[in-house]
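# Structural features, examined
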Amino acid sequence: MSGMRVRQSMTFPSFHRAALRALAALTMLIATSVRSNYVFDEDPFQPVTQDETVSVGGVVILTCTVKENDNSSLQWSNTAQQTLYFGEKRALRDNRIQLVKSTATELIISIAEVQLSDDGEYTCSIFTMPVRTARATVTVLAPGAHGVPGKPVITGFEDAVQEDSTVTLTCTSSGSKPPAKLHWYLNQEEKPGRPDVVESNPEEPTYTVTSELIFTVTRNDNNALIACVVDHPSNANANANGDKKTEQSLSVLFSPRVSIQPESDLPREGEKFYLQCVANGNPEPTAFVWRRKDGELPPLAKVDGAFLRFESLNKTDNGIYECQADNGIGMGDVSHTLLVQEAGVNAADPTAMSTSSGVDHAVIGGVVAVIVFIMLCLLIVLGRYLIRHKGTYLTHEAKGSDDAPDADTAIINAEGGHSGVDDKKEYFI
């Protein structure tokens with residue numbers, strides 16, 4: 001008996017765990033099925049409506065539709081939950097409210113001569129099991145300032161901002177109903193701002209809308225126009241479009257970019273001449289420094305602010321000149337190479353110097369080549385002539401010695417060859 005109890009106490013926990021696992025799996029399966037139906041299954045009996053905006057005295061159309069119907073009727077109710085129409089039957093005695101269309105899947109009504117009291121939330125219902133409802137908000141725009149957004153106000157601007165700095169601008173518009181939408185523009189190009197912040201006004205059923213624009217400015221944004229524009233259904237009825245848009249000019253501080261512009265492209269000896277340092281920055285540069293690379297400025301060169309003036313150009317003025325401009329925000333510098341031309345060069349013809357130089361070099365090269373060729377030819381002819389005549393002289397000088405039997409006889413024969421002056425022939429060059 002005791003052994004049986006032991007076996008029971010051992011087997012029950014195992015069964016209990018198996019039951020818990022099965023229950024958990026079933027719960028997960030049910031949860032997954034419910035979630036799937038909730039997310040992905042669309043209810044064909046669910047009514048669909050849309051919000052409407054209308055001005056006082058206008059006509060608003062309210063539309064309610066379903067995909068399927070099980071012979072249940074559609075119903076429209078007003079903001080006080082009073083039934084306006086139940087199918088084709090009018091329930092509220094108000095001649096301003098008329099039936100536009102009634103079918104098994106659609107109920108459309110109209111409200112004419114809309115008043116401020118018609119503003120609010122309307123309900124469309126279908127009496128299935130369970131009852132399904134949908135809501136549509138009717139916004140009534142009153143004449144005057146009520147419900148119409150005020151002119152936007154931009155804040156966050158400074159007198160000037162530094163290049164590459166981040167700017168945060170805020171645009172605010174009050175008094176709109178429904179809430180207005182705000183859009184940012186930079187030189188007519190729309191810029192994305194942060195999502196609008198909508199706040200209810202405590203003393204009236206209107207809204208204040210705020211939007212932020214955060215961006216990094218560059219020198220190209222200097223004098224750019226930043227605009228905040230209100231988007232609201234009342235814009236179509238507004239008499240003054242200027243009340244829906246506010247613009248501000250942006251001032252960006254940046255260091256100068258510098259270039260040097262010479263008075264002419266072909267400066268000539270003896271002429272007056274100047275180099276101008278052109279600097280673009282905000283603010284405009286006022287301090288200029290002129291230097292000559294690897295040396296001092298020429299004695300006849302005078303610094304005149306952004307100008308470096310030469311009273312009379314000379315070949316010694318050739319060199320590289322540097323200009324540095326400072327506007328308090330930063331500095332910029334640039335260099336220019338000055339080449340002074342001879343006075344005879346025609347400044348009106350920029351190709352004259354290069355063409356003349358090219359012709360001179362060609363002529364000189366040709367003359368040198370001809371001279372070298374002639375000298376080579378003369379050397380060759382002269383060399384051959386010397387070799388030939390030197391051999392003839394030696395032959396006459398040693399005549400008669402070739403047949404001598406010994407050296408003494410050869411000398412006697414050779415000397416005998418000199419006995420007659422008239423017979424000796426010498427050849428000189």
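Look above for the structure.
How each quantity is defined
- Residues numbered from 1 in each chain as written.
- Predicted model: local features only at pLDDT ≥ 70, side-chain atom pairs only at ≥ 80, totals over all residues.
- Heavy atoms only, no water.
- Helix = DSSP H or I, 4+ residues; strand = E, 2+ residues; numbered from the N terminus.
- Buried < 20%, exposed > 50% of the residue type's maximum accessible area, 1.4 Å probe, protein only.
- Pairing = 2+ DSSP bridges.
- Polar contact = N/O pair within 3.5 Å; in protein donor to acceptor, adjacent residues only side chain to side chain.
- Contact = heavy atoms within 4.5 Å.
- Patch = residues over 30% accessible without salt bridge, like charges linked within 9 Å, V, L, I, M, F, W, Y side chains within 5 Å.
- Areas by Shrake-Rupley, 256 points an atom, 1.4 Å probe, with all protein chains shown as cover.
- Salt bridge = Lys/Arg side-chain N within 4 Å of Asp/Glu carboxyl O.

### Regarding the overall build of the chain
Counting its regular elements, the chain contains 3 helices and 25 strands. Across the 429 residues in the chain, those meeting the buried criterion constitute 28%.

### Focus: the sheet that holds strand 1 (residues 52–55)
The strand order 1-9-8-3-4-5 describes an open sheet built from 6 strands, whose pairing is mixed. Of all strands in the sheet, those with a lone pairing partner are strand 1 and strand 5 (89–90), marking the two edges. Here strand 3 (residues 74–77) runs beside strand 8 (residues 120–126); their pairing, made up of 4 bridges, is antiparallel. Counted as the bridge partner of Leu74 is Ile126 from strand 8.

### So, the side chain of Asp118
Checked against the element boundaries, Asp118 lands in the loop between strand 7 (106–111) and strand 8. By relative accessible area, which is 9% here, Asp118 ends up buried. A distance of 2.8 Å separates a polar side-chain atom of Asp118 from the backbone nitrogen of Gln115. When sequence neighbours within four positions are dropped, the list of residues in contact with Asp118 reads Arg96, Ile111, Glu113, Val138 and Val140.

### Quick look at a nonpolar patch on the surface
Together, Ile364, Val368, Val372, Leu376 and Leu379 give the surface a local cluster of nonpolar side chains, amounting to about 470 Å² of exposed area. Tracing the chain through its elements places Leu376 in helix 2 (residues 352–397).

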